[in-house]
Structures are given as C-alpha cells and as structure tokens.
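Topology and contacts: notes
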Amino acid sequence: MKQLTISCILLFSVSSITFSQNRTESDSLKYGIAKIIEGDVLLAKSFKQGAVYTIAYLNQLEPELKGYASFSFEEKGNTAKKIYNLVSKKFNEESPQPVSFTTPKGTIKFEYGLSETDSVWVRLAQYDVNNRLEAYSKYLSPKHLKQLLEQ
C-alpha cells in the first residue's frame, strides 16, 4: 500500500511538471518576440501569433493618453525580414525617402529623420485612407528596428 501511494504521488508529480513545461513552451511560441523599453515605458513591441506578425508602439500623436497603435501583416516567406532589409538599406542614404505599405485601412510608413548626433533613425507612422496622420512612434534606432523585425 505504501509503495502504491508513493508511485501515485510520483506519477502525479511527473505529469504536472510535463504539463507546465509544455504550456510554457507553447505560450512562448505564441507571443513576444521583442520589446523596446526606455526607462519604465514600453516604446514598441513585436510579436507573432500563428502566421500574423504584429508591431505595436506608443502613439506619440497624443502622448499624454499613453495609447498604443499597431499594425499587423501575414508572415509569408520571411515578410518581416524583407521589410527589415528594405527599410534598413535606406539608413545609408543621404536623404532617405519613406518606405510605404498600402493596406485597406490606409498606409503604413517607415519615415526617416536625424537624431541629435546626426545619425538616421526611423519612426513608424500610420495614415488613414485620406492620408491623415493617425499615429506615429518615437524615432527608433537601426538596432531597435532590427529587434522588432528580425526573428
């Protein structure tokens, strides 16, 4: 009887550990890829759920509201890496023009600007179908862009 009780306890323990490990593993595959944090503020994050890749960022259009804007795209054939390569090539240009993607809801643009140290940075901006600015991020460094778009 004592051995039966010990065996049941052991069996229950092993199955509990296996269940919690599997759950954690599948959750990590389902969620976060990258987070960009400045101080204690989340500036931007990217994650993938199934075949959908999402980038969310702190909207600087009305920073006092501390709201987030986001856009998503289907990750087919390394779409995120292709976007990264297209956008990052322009960091070396003297006057880079925005990289734009048209969606049914409007346009997503990666807009370039100079930092105080004269290095090129990029911000994410969303425009509605009438080309009105709806949301934009803080300027992100090439390193931040790489974190958001490379898996």
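Because the structure is a prediction, the values reported are computed rather than measured.

This paragraph deals with the overall build of the protein. In terms of helices and strands, the protein carries three helices and eight strands. For the protein, the N- to C-terminal ordering of α and β elements is α-β-β-β-β-α-β-β-β-β-α. The proportion of buried residues among the 151 residues of the protein is 34%. For the protein, contacts bridging at least 24 residues in sequence account for 35% of all contacts bridging at least 6.

This part covers empty space enclosed by the protein. The full count for this structure, using the stated rule, is one cavity of 30 Å³ or more. Taken together, Leu 43, Ala 44, Tyr 57, Leu 58, Gln 60, Ser 137, Lys 138 and Leu 140 form the lining of the largest cavity. Sorting the residues of the lining of the largest cavity by element identifies β2 (41-49) and β3 (52-58) as the ones contributing at least two each. Of the residues in the lining of the largest cavity, the class split is five nonpolar, two polar and one charged.

The next point concerns unusual backbone geometry. Positioned with a positive phi, Asn 78 is a non-glycine residue whose angle comes to about 65°. Within the element layout of this structure, Asn 78 appears in the loop between β4 (68-74) and α2 (79-89). The residue Asn 131 is not glycine, and still its phi comes out positive at about 65°. In this structure, Asn 131 sits in the loop between β7 (120-127) and β8 (133-136).

The next point concerns the confidence of the model for the protein. With 78% of its residues at a pLDDT of at least 70, the protein reaches an overall mean of 80. Here residues 1-28 is a poorly scored stretch, pLDDT under 50, and it has zero contacts once near neighbours within four places are set aside; other chains count.

If you look at the biggest cluster of nonpolar residues, it comprises 27 residues, and the most contacted ones within it are Phe 71, Val 87, Phe 110, Leu 145 and Leu 149. Those elements that place two or more of their residues in this core are β2, β3, β4, α2, β6 (106-114), β7 and α3 (142-149). Other than its neighbours up to four places away in sequence, Leu 149 contacts Tyr 53, Ile 55, Phe 73, Ala 80, Lys 81, Ile 83, Tyr 84 and Phe 110.

So, on to the pairing of β3. With respect to burial, β3 is a largely interior element, six of its seven residues being buried. Examined bridge by bridge, β2 and β3 share six bridges and lie antiparallel to one another. Paired with Lys 45 across the two strands is Ala 56, which belongs to β3. Counted along the chain from β2 to the antiparallel partner β3, the turn is two residues long, and its residue Gly 50 has a positive phi close to 65°. As paired elements, β3 and β4 share seven bridges and run antiparallel to each other. Its bridge partner being in β4, Ala 56 is matched across the sheet by Ser 70.

Turning to α2, its buried residues are Thr 79, Ala 80, Ile 83, Tyr 84, Val 87 and Ser 88. The buried residues of α2 all sit within an arc of 155° when viewed along its axis, so they share a single face. Residues of α2 that are exposed and point more than 90 degrees away from the buried face comprise Lys 82 and Lys 89. Contacts made by the buried residues of α2 are with β3, β4, β5 (99-103), β6, β7 and α3.

Rules used in this analysis
- Residues numbered from 1 in each chain as written.
- Predicted model: local features only at pLDDT ≥ 70, side-chain atom pairs only at ≥ 80, totals over all residues.
- Heavy atoms only, no water.
- Helix = DSSP H or I, 4+ residues; strand = E, 2+ residues; numbered from the N terminus.
- Buried < 20%, exposed > 50% of the residue type's maximum accessible area, 1.4 Å probe, protein only.
- Contact = heavy atoms within 4.5 Å.
- 1 Å grid on protein atoms, 1.4 Å probe; cavity = no way out; pocket = protein on both sides within 12 Å on 5 of 7 lines; lining within 4 Å.
- Points joined across faces, edges and corners; volume = space filled by probe spheres on them.
- Nonpolar A, V, L, I, M, F, W, Y, C, P; charged D, E, K, R; others polar.
- pLDDT = per-residue confidence, 0-100.
- Core = buried A, V, L, I, M, F, W, Y, C linked by side-chain atoms within 4.5 Å.
- Pairing = 2+ DSSP bridges.
- Arc of directions from axis to C-beta.

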